[in-house]
Amino acid sequence: MKTAETRLWNDGWEFCELPVEESSYEIPKQIKAGEAASEWKPVDIPHDWMIYETHALYRDSVGWYRKVFFLEELAADGQALLRFDGVYMDTTVYVNGESAGEWKYGYSTFEIDMTPYLKVGKNEVYVRVVYRYLNTRWYSGAGIYRNVWFKTRNRTHIASDGIYITPVCLGDNAKEAANSSWKVEIDTELENIAEKEDCILRQQIIKPCGCELASCEMEVAADACSLESIPIITVSQELFTEKPLLWDIAQGNLYTLKTSLFARNKAGETELLEEQVQRFGFKVMEFKPDEGFLLNGRKVKVNGVCEHHDFGCLGSAFYKEAMKRKLLKLREMGVNAVRTSHNMPAPELMELTDEMGFLVF
């Protein structure tokens, strides 16, 4: 078994735009490799094809993306997936000429399991993206406008987005949260535990300085979850700490949760299957009818703005640097909260607001 890996997959893509009436739900012959090479243009992902024709920002069209890659081997007991942080909007993914999956909503993250369609040697991925007006009352852009990731994992793995972190203040008064004891509740979803191997789930909390704050581990029996019974189990663990640095407005004090999943064979040997890292903050948030919003026991006036996902003349392709610049400008205006209008945002926006100390609605 190999350790699970997730890597950014934004390079090496080509793009071709067609009118809707000239594109079907199958890969058109005129855009297949070698038949219309002049139609394909190299593009950087994230990419928004709509912004390049400013006189036609809502035109009906179909964008085709293509990427060629090579595999030296195929894992016998593993999976290979494509993870798209956002594609606007009606999306079909083809792997080696076969339809591997569809996604209709333009703002949410989705994954496509490529495993059944891959082969040793040359592989091709085509992504068909359909844009039809009217579908929104603001500028949406069109295309693979957020990051793409290539994931490999074992059959026994942590479920995608399957780690939930809940810090709980054990003190009696939120105003004393900085000097209180805290409990960190962690729920981890595991999928398809291999029948012949026990697993070990280890959780570690790392301080902002890089040293370990607390850790724990739990054994998961091989028969706890299998393909023949329950496909997912949730493992709950708790860690405790004293007087953590609190997250606050403009004070993005963040701790790191490191989750490691190991397999243990009959000989007692362990092997790392997967490792994931999340960041989180310690804070107490309350809404009271007679006081309003309180953060860490302190009344806070929320000075918020509604932020669409695009960058004006840059289009909707997500650039973390552009978003950071926007947040800095908003802070200069006195803004301390952002409402993500009107859909789930790019993951990097949430990372920046955590780091920079912005509330998010």
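Starting from 1, residues in each chain are numbered consecutively following that chain's sequence as written. A pLDDT threshold of at least 70 governs which residues receive local features in this predicted model, and a stricter bar of 80 or more applies before side-chain atom pairs are shown or counted, although totals over entire chains, interfaces and linings include all residues. Side-chain numbers here rest on the full set of heavy atoms in the structure, without hydrogens or water.

A. Region of interest: the packing of helix α1 (residues 320–332) against helix α2 (residues 347–356). Only the stretch in contact is used when a helix axis is fitted, and all axes are lines through C-alpha atoms; the angle between N-to-C directions ranges over 0 to 180 degrees. Each helix is a run of DSSP H or I of at least 4 residues and each strand a run of E of at least 2, with the numbering of both proceeding from the N terminus. Two elements in contact, α1 and α2, have axes whose closest approach is 10 Å; the angle formed by their N-to-C orientations is 40 degrees. Considering their axes alone, α1 and α2 lie oblique with respect to each other. Pair α1 / α2 crosses with right-handed handedness. Between α1 and α2, the residues in contact are K320, M323, K324, L327, L328 and R331 and E348, L349, E351, L352, T353, E355 and M356, respectively. Of the residues belonging to the contact of α1 with α2, the class tally is 6 nonpolar, 1 polar and 6 charged. Roughly parallel means an angle under 35 degrees; roughly antiparallel, over 145; roughly perpendicular, 65 to 115; everything else is oblique. Handedness of a crossing follows from how the near helix is turned relative to the far one, being left-handed for an anticlockwise turn of less than a right angle and right-handed for a clockwise one. Between two residues, a contact is recorded if the distance between any of their heavy atoms is within 4.5 Å. Amino acids are sorted into nonpolar (Ala, Val, Leu, Ile, Met, Phe, Trp, Tyr, Cys and Pro), charged (Asp, Glu, Lys and Arg) and polar (every other residue, Gly among them).

B. Spatial organisation of the nonpolar core. Formed by 35 residues in total, the largest nonpolar core has its most connected members in W13, Y65, F84, V125 and V127. Elements represented by at least two residues in this core include exactly β2 (13–18), β4 (61–71), β5 (78–84), β6 (90–95), β8 (110–113), β9 (121–131) and β10 (148–154). When neighbours within four sequence positions are excluded, V125 is seen to be in contact with W9, W13, Y65, R66, K67, F69, L82, V93, Y94, V95 and M114. For our purposes a nonpolar core is just a set of buried Ala, Val, Leu, Ile, Met, Phe, Trp, Tyr and Cys residues, chained together by side-chain atoms within 4.5 Å. Here's how the labels work: a residue is buried when its accessible area is under 20% of the maximum for its type, exposed when over 50%, partly exposed in between, all with a 1.4 Å probe on protein chains only.

C. A nonpolar patch on the surface, seen in detail. Surface patches are defined over residues having more than 30% relative accessible area and no salt bridge, joining like charges when they lie within 9 Å and nonpolar side chains (Val, Leu, Ile, Met, Phe, Trp, Tyr) when within 5 Å. The protein chains shown are the only cover counted for residues, whose accessible areas, like all others here, come from Shrake-Rupley with a 1.4 Å probe. Only one rule defines a salt bridge in this text: a Lys or Arg side-chain nitrogen within 4 Å of an Asp or Glu carboxyl oxygen. Together, Y58, Y133 and L134 line one region of the surface with nonpolar side chains, adding up to about 320 Å² of accessible area. Following the sequence through the fold, Y133 ends up in the loop between β9 and β10.

D. Representation of the side chain of N123 in the model. On the secondary structure map, N123 appears in strand β9. Side chain to side chain, N123 and N96 meet in a polar contact 2.8 Å long. If we ignore the near neighbours within four places in the chain, the residues touching N123 are K67, V68, F69, L71, N96, Y117 and L118. By the criterion applied in these results, polar contacts are pairs of N or O atoms within 3.5 Å in which, for protein atoms, one can donate a hydrogen and the other can accept it, and in which residues neighboring in sequence qualify only through two side-chain atoms.

E. Here's a closer look at α1. In this model α1 runs 19 Å from its N-terminal to its C-terminal C-alpha over 13 residues, within 8% of the 18 Å that 1.5 Å per residue would give. Those residues of α1 not exposed but buried are A322, M323, K326, L327 and L330. One face of α1 carries all of its buried residues, which in axial projection span an arc of 135 degrees. Seen from the open side of α1, the exposed residues pointing more than 90 degrees away from its buried face are E321, R325 and E332. Looking at the buried positions of α1, the neighbouring elements they touch are β21 (304–307), β22 (337–340) and α2. With its phi angle positive at about 100 degrees, G334 sits one or two positions after the end of α1. Helix span, as expected, comes to 1.5 Å for every residue beyond the first. Note: the arc covers the axis-to-C-beta directions of the helix.

So, to be careful, I would describe these as geometric facts and stop short of saying anything about function.
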